[in-house]
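Working through the structure, step by step
As a plain string of letters, each chain reads:
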Amino acid sequence: MTSPFAVRLDAFEGPLDLLLHLIRKHEMDIYDIQIAEIADQYLGILDDMKSLNLDVAGEFLVMAATLLQIKSAMLLPNPEIENEEESEEADPRAELVARLLEYQKYKEASLELDDKALLGRDVFTREEGVPPELRDSEVAFVEVGIFDLVSALQALLKDARPETVHEITQNTFSVSDRINHILDELTSKSSVAFKDLFLGSTDRSLVVATFLAVLELVKMRTVKVMQNSRQGTIWLFPAVPVDELTPHELEDGQFGYE
Amino acid sequence: MDTNELQSVIESLLLVAESPLRIERLAELLELERSEVRQAIEALQESYRQREAGIEIAFVGNGYQFRTIEQNAEWVRRLAGSRPFRFSRPALETLAIIAYRQPVTRPEIEYLRGVDSGGVLKTLLEKHLVRILGKKDVPGKPLIYGTTRQFLELFGLADLAALPTLKEIADIDKELREAEMATSGNEKSTVEDGGSQAGEANP
Amino acid sequence: MDTNELQSVIESLLLVAESPLRIERLAELLELERSEVRQAIEALQESYRQREAGIEIAFVGNGYQFRTIEQNAEWVRRLAGSRPFRFSRPALETLAIIAYRQPVTRPEIEYLRGVDSGGVLKTLLEKHLVRILGKKDVPGKPLIYGTTRQFLELFGLADLAALPTLKEIADIDKELREAEMATSGNEKSTVEDGGSQAGEANP
């Protein structure tokens, strides 16, 4: 049942990749693709897949339809064509060819990128400089950007009671208190989960003060925020030796309201 | 500060910096002209090269950084007990498109690749190799993506201008044809290799 | 492995090691006698000393490690001291309020913070993180404030639209979730949408 071109679709990045393969295999000029032949080949491969009960991704089906559309368009005589230039513009294959050329360019570029001396694979730098995510794929923590933090904040606020608009929230939790609390936790435990900083409370002022405290500690490079997967728990680690975590710099004189 | 002293100080600073040090930052710190700093760094680079040291001063992500030389990769990996990671092809393709066409939207990436790219995009965001630059001012306000400093550092690129030149199609076609001819006869296994690679884990 | 190569590999290993490397560890890794390793390291140490480099291979805690030389300590401290911004809590709070609520007046900021914010505002103005946008057309004509380009640069944002609002985070999550769920069959329209946009996407 299988054609001589028994190929696995998952070997290809997508329909464009498969088409390029077929064009090359049949030594066609990419600027003058024999659509009928290519379409037959392409559909044959898809049929093979189906007969093997393999899933054919939607993108491949869309391309099949496109090929058939082009094929039929090419069978129709176009009375408006009068000279070469116009005929090229009206070539039903034009868009496909352009896409193939463009795709091939980036595919090639991606292979060239892969040939570079990659940090963490071919070249290395001092440990602090290596993006943590490249150290060890399974257990490595990823440094969290502002986006991730805000997203965590959002998750916490989702459960929060809606605020009464005109009530001025009493700042029962100050940022410097929360900083000191985090530093205490880190000194005793050496790491602490972001969500555990909120004491199970959804009090908005606590959440915001804690969030700002974390941001500030990150800005001071005292604390590193890491996550082992996008949905995973966010962890705080000390970015400095534990004995330097003492909150002595964080007295009210420096942090207090003016 | 004489030339030797300047080079010495720069060596110290490069060793302790957390990320590649920019000329501007060094010049400001040392209260010198950028050109003086650049000259000193270039002399240092040359001196490491000349004595065929195991470390070099690389220009990556618009800054300078000590890195091990590529020839010693195997030993360094042995120290860390790590195996070389490899990028999946979807990740590389998507990354290449974002790198060359940024700012670029997800629909644009998917048009160019011909396949859904949401999953790959998410992975690249998680790895901090691409970032969201904002939203495009067109109907639907799609997010626009670009590469990060980490991307440059990972691929050892000085800046975006250092990306490999996009080749003319004719060149690629010729190269690929030659490559395929060279390996003709084992088409099947090549294809299957490709398959197993594509499925492999991201870095 | 000849002497030069051995030294080169050791240099690489010393650069990337997280903690001082012991002779025993190196010997094991390199499958060499300790004496050979020791000799290579000592030769390396000598070479760094001789060219009066800014870094040295120090013997610390039973192992070897790259360190900056003591004479450059002041410069290294300066680098560490020139690290980007330390925000005080009032500054961070005020900045956040201005960023998300701009254009905003001082009374509005103070209402939200519950305290006088004149001092912080002045600091932020001096640091060029916020600026005066004009005067609000209400009684008293209070000044209105907004963030600056420097603010965007500091936080690595392309523009204010790239500020991570809660809503935007929700959008990204949604977009990426949809991407994951998107499977076969529904791609046609997406692909075509992408097509019309792809043409204007050049960097």
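Note that residues are indexed from 1 along each chain, following the sequence as it is written. Each chain gets a letter, beginning with A, and each ligand a number, beginning with 1, in the order they are written. At least 70 in pLDDT is required for a residue's local features to be given in this predicted model, at least 80 for side-chain atom pairs to be given and counted, and no such filter applies to totals for whole chains, interfaces and linings, which use all residues. Hydrogens and waters are ignored; side-chain quantities use all the structure's heavy atoms.

Looking at the overall build of chain B
- Put simply, DSSP marks the helices as runs of H or I at least four residues long and the strands as runs of E at least two long, and each gets a number from the N terminus on. On a plain count of helices and strands, chain B comes out with ten helices and five strands.
- Only protein chains enter the accessibility calculation, which uses a 1.4 Å probe. A residue is then buried if its area is under 20% of the maximum for its type, exposed if over 50%, and partly exposed in between. Taking all 203 residues of chain B together, the buried fraction comes to 56%.
- Should any heavy atoms of two residues lie within 4.5 Å, those residues are counted as being in contact. Sequence separation of at least 24 residues holds for 49% of the intrachain contacts in chain B that already meet a minimum separation of 6.
- Computed by Shrake-Rupley with a 1.4 Å probe, the accessible areas treat only the displayed protein chains as cover when residues are assessed. Carbon and sulfur atoms make up 46% of the accessible area of chain B, which amounts to about 8,800 Å² in all.

Observations regarding the overall build of chain A
- The number of helices and strands found in chain A is nine helices and four strands.
- The order of α-helices and β-strands along chain A, N terminus first, is α-α-α-α-α-β-α-α-β-α-β-β-α.
- Classification of the 258 residues of chain A by burial places 47% in the buried group.
- Total accessible area on chain A stands at roughly 13,100 Å², and carbon and sulfur atoms take up 50% of it.

Structural notes on the pattern of salt bridges
- Salt bridges are defined by distance alone: a side-chain nitrogen of Lys or Arg within 4 Å of a carboxyl oxygen of Asp or Glu. As enumerated under the stated definition, the model contains 31 salt bridges over all chains in all.
- Measuring nitrogen to oxygen at the nearest pair gives 3.6 Å for the salt bridge that ties B:Arg22 to B:Glu24.
- Note on B:Arg22: relative accessible area 41%, which makes it partly exposed.
- With a closest N to O distance of 3.1 Å, C:Arg49 and C:Glu46 form a salt bridge. Of the two residues, C:Arg49 and C:Glu46 are both situated in helix α3 (residues 34-50); the distance of three residues between them amounts to about one turn of the helix.
- Of the residues examined, C:Arg49 reaches a relative accessible area of 52% and is grouped as exposed.
- Accessibility expressed as a relative area gives 35% for C:Glu46, which makes it partly exposed.

Section: the confidence of the model for chain A
Residue and element names in this part refer to chain A.
- Scored between 0 and 100, pLDDT is the confidence that the predictor attaches to each residue. In this model, chain A carries an average pLDDT of 70, and 60% of its residues clear a pLDDT of 70 or more.
- Of all helices and strands in chain A, the one with the weakest mean pLDDT is strand β1 (residues 142-143) (38), whereas helix α5 (residues 94-114) scores best (92).
- Confidence over residues 1-6 falls short of pLDDT 50; this stretch has ten contacts with residues more than four positions distant or in other chains.
- Note that residues 248-258 has pLDDT below 50 and, in this model, 31 contacts with residues that lie over four places away or in other chains.

Quick word on helix α1 (residues 3-16) of chain C
Residues and elements named next belong to chain C.
- To estimate how far a helix should reach, multiply one less than its number of residues by 1.5 Å. With 14 residues, α1 extends 20 Å between its outermost C-alpha atoms, agreeing within 8% with the 20 Å of an ideal straight helix rising 1.5 Å per residue.
- The buried fraction of α1 amounts to eleven of the 14 residues, a majority that puts the element mostly inside the structure.
- Of the positions making up α1, those classed as buried are Leu 6, Gln 7, Ser 8, Val 9, Ile 10, Glu 11, Ser 12, Leu 13, Leu 14, Leu 15 and Val 16.
- One side-chain oxygen of the residue at the start of α1 lies 3.1 Å from the amide nitrogen of Asn 4, identifying that residue as Asp 2. Identification of polar contacts relies on pairs of N or O atoms within 3.5 Å, with a donor-acceptor requirement for protein atoms, meaning one able to donate a hydrogen and the other able to accept it, and with residues adjacent in sequence counted only if both atoms are side-chain atoms.

Section: the packing of α5(A) against helix α6 (residues 106-113) of chain B
- Only the stretch in contact is used when a helix axis is fitted, and all axes are lines through C-alpha atoms; the angle between N-to-C directions ranges over 0 to 180 degrees. Their axes nearest at 8 Å, the elements α5(A) and α6(B) cross at an angle of 100 degrees. Taken together, the axes of α5(A) and α6(B) are roughly perpendicular relative to one another. Counting all contacts with α5(A), which are made through A:Glu95, A:Arg99, A:Glu102, A:Tyr103 and A:Tyr106, the residues of α6(B) involved are B:Tyr111, B:Leu112 and B:Arg113.
- Side-chain classes are defined by residue name, with Ala, Val, Leu, Ile, Met, Phe, Trp, Tyr, Cys and Pro counting as nonpolar, Asp, Glu, Lys and Arg as charged, and the others, Gly among them, as polar. Along the lines of polarity and charge, the residues of the contact of α5(A) with α6(B) split into four nonpolar, no polar and four charged. Oblique is the label for every angle not falling under 35 degrees (roughly parallel), over 145 degrees (roughly antiparallel), or within 65 to 115 degrees (roughly perpendicular).

Details of the sheet that holds strand β5 (residues 143-147) of chain B
All names here are of chain B.
- If you trace the three strands from one edge of the open sheet to the other, you get β3-β5-β4, paired in antiparallel fashion. Unpaired on one side and paired on the other, β3 (104-105) and β4 (130-135) mark the two borders of the sheet.
- Against the sheet, helix α5 (residues 89-101) touches β3, β4 and β5, its axis set at about 95 degrees to β5. Strand pairing requires that DSSP identify at least two bridges connecting the strands.

Here we look at the packing of aromatic side chains
All names here are of chain B.
- Note on aromatic contacts: the rings of Phe and Tyr and the six-membered ring of Trp form a pair at centre separations within 6.5 Å, being stacked when their planes are under 30 degrees apart, edge-to-face when over 60 apart, and tilted otherwise. All chains considered together, the criterion is met by eight aromatic pairs over all chains.
- Taking 5.5 Å as the distance between ring centres and 65 degrees as the angle between the ring planes, the aromatic pair formed by Tyr 48 and Phe 66 counts as edge-to-face. Highlighted residues: Tyr 48 in helix α3 (residues 34-50) and Phe 66 in strand β2 (residues 63-68), separated in sequence by 18 residues.
- The class of Tyr 48 is buried, set by a relative accessible area of 1%.
- Both rings, one in Phe 151 and one in Phe 155, keep their centres 5.1 Å apart while their planes meet at 50 degrees; by these two values the pair is tilted. Accessibility classification places Phe 151 together with Phe 155 in one group, the buried group.
- Feature note: the residues Phe 85, Phe 87, Phe 151 and Phe 155 constitute an aromatic cluster, connected by ring pairs.

Section: the side chain of B:Thr94
Residues and elements named next belong to chain B.
- Within the secondary structure layout, Thr 94 lies in helix α5.
- Only 2.7 Å separates the side chain of Thr 94 from the backbone oxygen of Pro 90, close enough to count as a polar contact.
- In this structure Thr 94 touches Ile 109, Arg 113, Val 120, Leu 121 and Leu 124, once residues within four positions along its chain are discounted.

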